[in-house]
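So you can see what is in the structure, the chains are spelled out below.
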Amino acid sequence: MPPLEKHCEALKLYSNILKCSDSATAEAIAFRVPLSAEAGPEERRLWINTAMKELSLHFDRQSVWNIRMGCHCETGLTALVRLLRNCRNAASSFSSFGELLQTLSTEYFGDEYLYVKDNYIYRNLYSCPCPMLKGISSLEGPEWCYCTGGYHKAALETAFERPVRVELLQSVMQGADCCRYRFSFDCGDPFTQRAAEC
């Protein structure tokens, strides 16, 4: 078992790797570079770049997505699920859900938090909310950012009670003007397909 003084993000990564691999692999990736609980930006950047590179060397792309999505934070998740459920319950179609979502997310969160376009749900982030990336302007790859996709995927799947597919279209940490995620339902329009059919 890893020592308790490890950074919580290293421990979270270790635990999520264990879901699809063994402890030796999890330790080799999560603890290859030391990361203390008080790590500064340069120490965090080195750890993230090294751990994500190792993750990509050990696992296929979908497994990397699954591991990183499982590392998402819980802060604010309940409020987001409540917002999504309120919109879902008040809407009669996917397009009316989109209109409500855009209005209420702006009201609750102060920006265009989530919006619907062409049967997809999008999330744009113009600044990075991840505390691990505070003081860091770029990363070598996009893998670290998959956890934010996992956060919104978890909220959407809880609110709609059906599987959700997530894509990272661009990332601030890769030089884009914003992070953009796109979400879709595996079994089509959630207002015409029953959850039991998924």
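All values reported here derive from a predicted model rather than from experimental measurement.

Rules and cut-offs
Residues numbered from 1 in each chain as written. Predicted model: local features only at pLDDT ≥ 70, side-chain atom pairs only at ≥ 80, totals over all residues. Heavy atoms only, no water. Buried < 20%, exposed > 50% of the residue type's maximum accessible area, 1.4 Å probe, protein only. Helix = DSSP H or I, 4+ residues; strand = E, 2+ residues; numbered from the N terminus. Polar contact = N/O pair within 3.5 Å; in protein donor to acceptor, adjacent residues only side chain to side chain. Core = buried A, V, L, I, M, F, W, Y, C linked by side-chain atoms within 4.5 Å. Contact = heavy atoms within 4.5 Å. 1 Å grid on protein atoms, 1.4 Å probe; cavity = no way out; pocket = protein on both sides within 12 Å on 5 of 7 lines; lining within 4 Å. Points joined across faces, edges and corners; volume = space filled by probe spheres on them. Nonpolar A, V, L, I, M, F, W, Y, C, P; charged D, E, K, R; others polar.

## Quick look at helix 4 (residues 61-69)
Every buried residue of helix 4 is accounted for by V64, W65, I67, R68 and M69. For helix 4, the capping residue at the N-terminal end is D60, with a side-chain oxygen 3.1 Å from the backbone nitrogen of Q62.

## Section: the nonpolar core
As a rule of thumb, soluble globular proteins bury nonpolar side chains together. Among the nonpolar cores identified, the biggest contains 60 residues, and L13, W47, F97 and I121 are the most heavily contacted of them. Examining the composition of this core, we find that seven residues originate from one element, helix 7 (residues 146-160), more than from any other.

## Here we look at the side chain of T50
Along the chain, T50 turns up in helix 3 (residues 41-58). Setting aside anything within four residues of it in sequence, one finds T50 in contact with R32 and V33.

## So, empty space enclosed by the protein
What the rule picks out here adds up to one cavity of 30 Å³ or more. One number sums up the size of the largest cavity: a volume of about 60 Å³. Along the walls of the largest cavity sit 13 residues, with C128, C145, T148, C179 and Y181 positioned nearest its centre. At the level of secondary structure, the elements contributing two or more residues to the lining of the largest cavity comprise helix 7 and strand 4 (179-185). Here the residues of the lining of the largest cavity sort into eleven nonpolar, two polar and no charged.

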